[in-house]
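# Summary of the model geometry
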Amino acid sequence: MMFGCENTFLCSKHWLMAVIALCLFSTGCVKYDYTAKPVDTDQHAESYVNRQLDDPGLREFMDEYGYATGEWPRKSWDLHGLTLAGYYFNPKIQVAIARHNKSLVNEEVAGIYPNPGIQIPFEHHSDTSGGVSPWLIGIVLDFVFERSAKRDARVEHARAESDITKIEILKSAWQIYKSVRQSYLDFFVAVSIREFLQRKHEVVEEIVNILSRSFELGQTSEFELNTMRLELQKVRLELVNQDVLITDTLHKLAGEIGVPVSAINGVNLDFSEIDQYLDSDELNDLKLQKIALTHRLDMQQALSEYAAFEAALKLEIEKQYPDVNLSPGFVFDQNDNIWALGASWVLPLLHPSNEGPVKLALADRTIKQAEIISLQSGIINEIKLADSRLESTGIALEEAQLLMQEALERNRQMEKQYDLGQINTLVVLRNKLELLSIERALEEIEVNVINAAFDYEDVIQYPLLDIPGYQLYTDMKTNTPETNNENY
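Quick look at the structure, then. (Residues numbered from 1 in each chain as written. Predicted model: local features only at pLDDT ≥ 70, side-chain atom pairs only at ≥ 80, totals over all residues. Heavy atoms only, no water.)

All right, on to the overall build of the chain then. Tallying secondary structure elements over the chain gives 13 helices and seven strands in all. Looking at the chain residue by residue over its 488 residues, the buried ones come to 39%. For the chain, the share of sequence-separated contacts (at least 6 apart) that also reach a separation of at least 24 residues comes to 79%. With the model as given, the accessible surface of the chain reaches about 28,100 Å², and the carbon-plus-sulfur share is 56%. (Helix = DSSP H or I, 4+ residues; strand = E, 2+ residues; numbered from the N terminus. Buried < 20%, exposed > 50% of the residue type's maximum accessible area, 1.4 Å probe, protein only. Contact = heavy atoms within 4.5 Å. Areas by Shrake-Rupley, 256 points an atom, 1.4 Å probe, with all protein chains shown as cover.)

Okay, structure coming up:
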């Protein structure tokens with residue numbers, strides 16, 4: 001279709017106005033404006049110092065995860081309540097959530113259609129003979145047509161990468177649980193040792209008092225008295241050091257939760273769950289080895305990465321089919337109206353289209369297959385080792401419990417002898433001191449069993465005991481916590 005223009009100046013002016021209007025229209029399609037959001041470290045520091053376990057937001061968060069908070073503030077906190085507090089306050093999990101949200105954006109934009117392009121040729125000719133307009137002006141559009149299968153493959157790849165970042169949230173959650181769990185046990189052990197030292201101090205002090213009176217009567221040697229006095233001083237020094245250790249472990253526990261130590265200082269901590277780790281028969285009956293091969297996070301991540309490599313391969317194969325570019329346009333060239341329609345695509349003359357990336361994607365998939373098999377073999381070996389350690393510590397615990405029963409029986413016999421006047425108080429106290437040492441040795445073995453159970457948990461990355469609160473971690477696989485903006 002051809003048409004002229006009586007006034008070439010006006011015609012070119014109209015074209016110029018149309019181009020300007022088109023540019024203004026495209027500028028009006030801009031959706032986002034930049035807004036500065038500097039990091040306020042002072043505000044974050046103040047927020048951190050003011051955190052408390054009676055935070056109403058924490059209660060709501062725990063209720064959402066099915067953990068009955070009951071009376072608020074809570075009178076006591078067990079391992080699972082502290083773990084949820086760590087999920088709420090600890091910023092590590094928020095980093096993983098932010099990365100996952102970014103991957104969701106990538107997943108969203110992967111399926112959008114490409115915007116058309118536009119070219120606006122604008123020229124001035126020096127030849128204006130015959131009253132011909134000196135201007136060349138026009139508009140050329142550029143439409144990209146890609147196969148729907150390519151777009152689907154791109155979306156599939158973005159979704160697989162999103163699954164990987166979701167597993168990173170779970171890994172952060174497990175790491176928080178693991179850190180809180182260990183600090184919780186360390187604090188429990190530190191308090192237990194402190195109680196043992198206090199009981200030992202009382203017995204040794206009583207022995208020293210008896211020996212002092214006996215020494216004044218000439219019935220005890222100075223060497224024996226001084227030996228027990230040194231023992232008493234040693235116990236007092238150990239008590240002082242243990243108080244420092246209790247403070248350190250409390251600070252560490254607070255740090256793993258993500259609160260200042262003032263938030264948990266003086267809080268009643270419930271350690272009743274720890275004893276349940278000592279039932280090795282219950283742990284073995286669960287037969288959780290199979291869980292490790294399906295629920296362990298590095299295995300989940302490896303499988304998700306393999307899915308991403310599969311999707312990447314599919315995308316590279318789809319790229320073998322070139323996109324078609326159609327470029328319709330109109331140009332006004334010195335009173336001549338020119339319509340045009342162009343098309344372009346890549347010709348695979350020198351080598352097959354996208355051959356190199358396809359071969360690399362095939363190689364990556366093969367590598368990931370081998371890595372998964374290697375990982376699975378390593379997990380099986382780790383399970384066998386952790387299971388063996390759990391079994392051996394369980395046997396040691398049974399033997400120590402038998403020895404403890406024998407020691408208690410001897411202590412009962414001595415108490416009867418004391419009641420009958422056959423032995424004196426000093427003998428009873430020395431036996432009590434020996435009994436305390438045996439109790440402490442038993443507690444150390446119990447801690448070894450608990451640590452072996454913790455190691456087993458870490459190998460399978462799944463809670464061992466089916467008790468209230470443990471399912472909270474597995475709930476995170478479908479319900480990731482929202483970012484707590486008021487905390488950060």
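We are not done yet, so read on.
This part is about the packing of helix α3 (residues 56-64) against helix α4 (residues 79-89). Across the interface, α3 lies against α4 with an axial gap of 10 Å and an inter-helix angle of 115°. Viewed along their axes, α3 and α4 adopt a mutual orientation that is roughly perpendicular. Taken as a pair, α3 and α4 cross one another with a handedness that is right-handed. Residues G57, L58, F61 and M62 of α3 form the contact with α4, whose own contacting residues are G81, L84, A85, Y87, Y88 and F89. Partitioning the contact of α3 with α4 into residue classes produces eight nonpolar, two polar and no charged. (Axes fitted to C-alpha atoms, helices over the stretch in contact; angles between N-to-C directions. Parallel < 35°, antiparallel > 145°, perpendicular 65-115°, else oblique. Left-handed = near helix turned anticlockwise from the far one by under 90°. Nonpolar A, V, L, I, M, F, W, Y, C, P; charged D, E, K, R; others polar.)

In this section: the pattern of salt bridges. Counted under the stated rule, the structure contains 21 salt bridges. The closest approach of N and O atoms between K314 and E156, which form a salt bridge, is 2.9 Å. Of this pair, K314 sits in helix α10 (residues 297-318) while E156 is found in helix α6 (residues 148-216), placing the two residues 158 residues apart along the sequence. Note on E156: relative accessible area 31%, which makes it partly exposed. With its nearest N and O atoms 2.7 Å apart, the salt bridge here joins E457 to R181. Residue E457 is located in helix α12 (residues 425-460), and its partner R181 is located in helix α6; the two are separated by 276 residues in the primary sequence. Judged by its relative accessible area of 0%, E457 is buried. (Salt bridge = Lys/Arg side-chain N within 4 Å of Asp/Glu carboxyl O.)

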